[in-house]
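Architecture at a glance
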Amino acid sequence: MNKGKLYLVATPIGNLEDITFRAIKTLKEVDLIAAEDTRQTLKLLNHYEITKKLYSYHRHSEETKTDFLIEKLNEGQSIALVSDAGTPAISDPGEEIVKKAIEKNIEIIPIPGACALINALITSGLNTREFSFYGFLPLNKKLRNEKFEVLKKEEKTIILYEAPHRILTTLEDILERLGDRYIVIAKELTKIHENFYRGNISEVIKKVESPKGEYVILIEGEEIKQENTLNNLSVEEHYKYYEKEGLEKKEIIKKIAKDRKVNKNEIYQHFI
Ligand code: SAM
């Protein structure tokens, strides 16, 4: 008997129209859908008039449900795995079943679509050539401290996920541990209240008055090597470098002063 195929289907992260034709076709054609939260997925299926057998597949049941789903795949049934929002297995269940499916020689097919981290990154204005995604920061104090030590040295753009009720605490922790770095916060991507806050952490914290909504946090990497190179330029060339990155005068002067470890006024003198 032929084995079934496992489809990893990306679903919208807010706007229900952010789903591909292929994703809808796949959801219609598979034998069953494994969903992180069946009620959530049901809303999507109803919107697209898809009727399909749904099985719950969430973090707490990942191990037992993985075996059950692998069995179904072995019996020849095809399965679409979806999470509540976005791409499965990205800070969501999926990794476990993919590993097991590989072991069992089951074909795995990605059905691409929305992913919060990618959409936040491309809109951030930060370095998109090199970036590191760290998902959710650990809550355990020791593990969290260790993670901050790693983040301190990260030269690439840092991307974090955070739950709405913890966004302010996490921003304050970042400020305390990494200093007043330049960050971008992408709020409620693809939804009515979509918004982007850009600036140094201390400024951004003031702007995030109501923490309601979903957020991606992006932190400018610690450009250790680049900073040294920039400091070898004239102040005017240094200015042009940041201007090309799309920053405004006030921000540029602040950054130059920080790179050169001098007072802001000293840099201002060059541009009056
Ligand atoms: N698998 C998802 C993906 O592909 O992006 C991520 C799921 S993770 C459990 C949920 C986190 O993703 C949220 O806490 C938030 O940090 C981020 N997120 C999801 N949807 C978002 C949106 N519309 N706007 C901003 N952040 C979002």
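For the structure, check the block above.
Described in the following lines is the structure provided in the data block. Owing to the predicted nature of the structure, the values given are computational and were not obtained by experimental measurement.

Another aspect to go through is the sheet that holds strand E5 (residues 108–111). As summarised here, the arrangement of the five strands in space is E3-E2-E4-E1-E5, forming an open sheet in which the pairing is parallel. Since the sheet does not close on itself, it has two edges, and those belong to strand E3 (53–56) and E5, each with one partner. Taking the axes of each pair of neighbouring strands and ignoring which way they run, one obtains an average angle of 25° across the sheet. Of the strand pairs in this sheet, strand E2 (residues 32–35) and strand E4 (residues 79–82) are connected by four bridges, and their pairing is parallel. Each bridged residue has a counterpart across the sheet, and for Leu32 the counterpart in E4 is Ile79.

Mapped onto the fold, Glu36 is located in the loop between E2 and helix H2 (38–47). For the buried Glu36, no salt bridge exists, and the shortest N-O distance to an oppositely charged side chain is 6.3 Å, to Arg59. Side-chain polar atoms of Glu36 contact the backbone nitrogen of Asp84, separated by 2.8 Å. In this structure Glu36 touches Tyr57, His58, Val82, Ser83, Asp84, Asp92 and Pro93, once residues within four positions along its chain are discounted.

Let's shift gears to the pattern of salt bridges. Taken as a whole and assessed by the stated rule, the structure comprises 16 salt bridges. Residues Arg177 and Glu149 are paired through a salt bridge, measuring 3.0 Å at the closest nitrogen-oxygen approach. Pair noted here: Arg177 is in helix H7 (residues 167–178) and Glu149 is in helix H6 (residues 141–152), with a separation of 28 residues, a long-range link. On the basis of relative accessible area, Glu149 is assigned to the partly exposed category, the value being 33%.

Before going further, it helps to spend a moment on the sheet that holds strand E8 (residues 182–187). The strand order across the open sheet built from five strands is E6-E7-E10-E8-E9, with neighbouring strands paired in mixed fashion. The outermost strands of the open sheet, each flanked by one partner alone, are strand E6 (131–136) and strand E9 (195–200). Direction aside, the axes of adjacent strands within the sheet are offset by 15° on average. Bridge count for E8 against E9 is six bridges, and the pairing is antiparallel. By the bridge assignment for E9, Val184 is matched with Arg198. Where H7 meets the sheet, its contacts fall on strand E7 (157–162), E8 and strand E10 (215–219), and the angle it forms with E10 comes to roughly 10°.

Basis of the calculations
- Throughout, a residue's number is its position along its own chain's written sequence, starting from 1.
- It should be noted that, the model being predicted, local features are given only for residues of pLDDT at least 70 and side-chain atom pairs only at 80 or more, the latter also being counted only at that level, while totals for whole chains, interfaces and linings use all residues.
- As a rule here, side-chain values cover all heavy atoms of the structure and leave hydrogens and water aside.
- Pairing between strands is defined by DSSP: at least two bridges between the two strands are required.
- The helix and strand labels rest on DSSP assignments: H or I over at least four residues marks a helix, E over at least two residues marks a strand, and numbering proceeds from the N terminus.
- Comment: axis = line fitted to C-alpha atoms, over the contacting stretch for helices; angle = value between 0 and 180 degrees taken between N-to-C directions.
- Only protein chains enter the accessibility calculation, which uses a 1.4 Å probe; a residue whose area is less than 20% of its type maximum is buried, one above 50% is exposed, and one in between is partly exposed.
- Lys and Arg are tallied as positive, Asp and Glu as negative. Neither His nor the chain termini are counted.
- Salt bridges are defined as contacts in which a side-chain nitrogen from Lys or Arg sits within 4 Å of a carboxyl oxygen from Asp or Glu.
- Between N or O atoms, a polar contact is any pair within 3.5 Å; within protein, one atom must be a potential hydrogen donor and the other a potential acceptor, and residues adjacent in sequence are included only when both atoms are from side chains.
- The contact rule is simple, with two residues in contact once any of their heavy atoms fall within 4.5 Å.

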